Amino acid sequence: MHIDYQSLSSTLLYLISFFIILSESGVFFLFFLPGDSLIFALGLLANQGVLNIWYIIPLLVIAAITGNFLGYFLGTYTRGGLETGKYLPKVKPEHLHKAELFYNRHGSLALLFARFVPVVRTFVPFFAGVVSMKRKTFSVWSVIGGICWITIVTLVGYFFGRQFNLQNVSYLGLGVVLIAAIATPVCIGLINRLLK
C-alpha cells in the first residue's frame, strides 16, 4: 500500500489552519493564536506550490465566518452572567449599555476593520453577541469582513512570495508581527475612547 505523505501533510495543514482561524475568530480566550501570520505564511506556501491557493481562500473564509458566529453565540450565552455579575463582577450594566451604543453606531465598521487587528477581532463578535447586535447586520458584515481579511492577507503573502525567496520569509513574518503589535494597542485605545 502506497501512502502519499506529501498529500497527507498538505491535507493536515489545511485542517489545522481551518481550526486555528475558526478558533482565533470565535473563541475569546484563544485570542493569542497566530491569525494574520498564519494566513500570510499560507499564501507564501501557495506561491511555492506546497498548497493550492484556490483551496486555501474559500476554506479559511468559511473558518473565519464560522468563527465569528461561534463568538456571537458565546457572547449571547454569556450575556446573562455578565449582567448579573456572575462571570465578571467588574463589568457593570452601564458598561454593557455603552458597548450596546457603540455597536449600534459603529458595529458594522467594527466587524469589518477588527478583522485586520489581532486580539480585537476575537473579542468584537463576542461582544456583539453580548449586546445582542442585530443578527442580520452582524451576519452581513461578518461575511464581508471574513472574505476581505482572508483574501487580502493570503494574496499579499502569495504575491510577496514572487518577490522574495524563502530565506526572506522570516523577515517578512517579523514585519507582520511588528505591524500587528503596533496596530493592536492603537485600535484598542480608539475603542476605549468611543466607549467613554
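Our structure's up above, just so we're on the same page.
In this report, we go over the structure that sits alongside the text. Since the structure is predicted, the reported quantities are computational estimates derived from the model, not experimental observations.

Thresholds applied
Each chain has its residues counted from 1, following the order in which its sequence is written. Confidence filtering applies because this is a predicted model: local features only for residues at pLDDT of at least 70, side-chain atom pairs given and counted only at 80 or more, and all residues used for totals across whole chains, interfaces and linings. Remark: hydrogens and water are excluded; side-chain values derive from all non-hydrogen atoms of the structure. Classification of residues uses two cut-offs on accessible area relative to the type maximum, computed with a 1.4 Å probe and protein chains only: under 20% is buried, over 50% is exposed, and between them is partly exposed. Segments assigned H or I by DSSP are reported as helices when at least four residues long, segments assigned E as strands when at least two residues long, and all are numbered from the N terminus. Cavities and pockets were defined on a 1 Å grid built over protein atoms only: a cavity is a set of grid points that admits a 1.4 Å probe from which the probe cannot escape, a pocket is an open set flanked by protein on both sides within 12 Å along at least five of seven lines, and lining residues are those with an atom within 4 Å of any such point. Grid points are joined across faces, edges and corners, and a volume is the space filled by probe spheres set on the points. Each residue gets one of three labels, nonpolar for Ala, Val, Leu, Ile, Met, Phe, Trp, Tyr, Cys and Pro, charged for Asp, Glu, Lys and Arg, and polar for the others, Gly among them. Between the first and last residue of a helix there are one fewer steps than residues, each counted as 1.5 Å, and that sum is the expected span. Exposure above 30% relative accessible area and the lack of any salt bridge qualify a residue for a patch; like charges then connect within 9 Å, and the nonpolar side chains Val, Leu, Ile, Met, Phe, Trp and Tyr within 5 Å. Surface exposure here means Shrake-Rupley accessible area, sampled with a 1.4 Å probe, where a residue is shielded only by the protein chains that are shown. A carboxyl oxygen of Asp or Glu within 4 Å of a side-chain nitrogen of Lys or Arg is what we treat as a salt bridge.

## Concerning helix α5 (residues 120-130)
Counting buried residues along α5, 9 of its 11 residues qualify, which places the element largely inside the surrounding structure. Among the residues of α5, those classed as buried are Val120, Arg121, Thr122, Val124, Pro125, Phe126, Ala128, Gly129 and Val130. Two residues or fewer past α5, Ser132 is found with a positive phi of approximately 55°.

## Overview of empty space enclosed by the protein
A complete count under the given rule lists 1 cavity of 30 Å³ or more for this structure. Estimated volume of the largest cavity: approximately 40 Å³. Lining the largest cavity are Leu13, Tyr14, Ser17, Leu42, Leu51, Ile56, Leu59 and Leu60. Elements with a minimum of two residues in the lining of the largest cavity: α1 (5-26) and α3 (53-83). By residue class, the composition of the lining of the largest cavity is 7 nonpolar, 1 polar and no charged.

## Overview of helix α2 (residues 35-47)
Between its first and last C-alpha atoms α2 spans 19 Å; for 13 residues at 1.5 Å apiece the expected length is 18 Å, and the two agree. When α2 is considered as a whole, its buried residues turn out to be Gly35, Asp36, Leu38, Ile39, Phe40, Leu42, Gly43, Leu44 and Ala46. Just downstream of α2, Gly49 is the residue with a positive phi angle, here 85°.

## Looking at a nonpolar patch on the surface
A cluster of nonpolar residues, Phe116, Ile152, Val156 and Phe160, forms a patch on the protein surface that exposes about 300 Å² of accessible area. Along the chain, Phe160 turns up in helix α6 (residues 135-163). The exposure class assigned to Phe160 is partly exposed, which follows from its relative accessible area of 35%.

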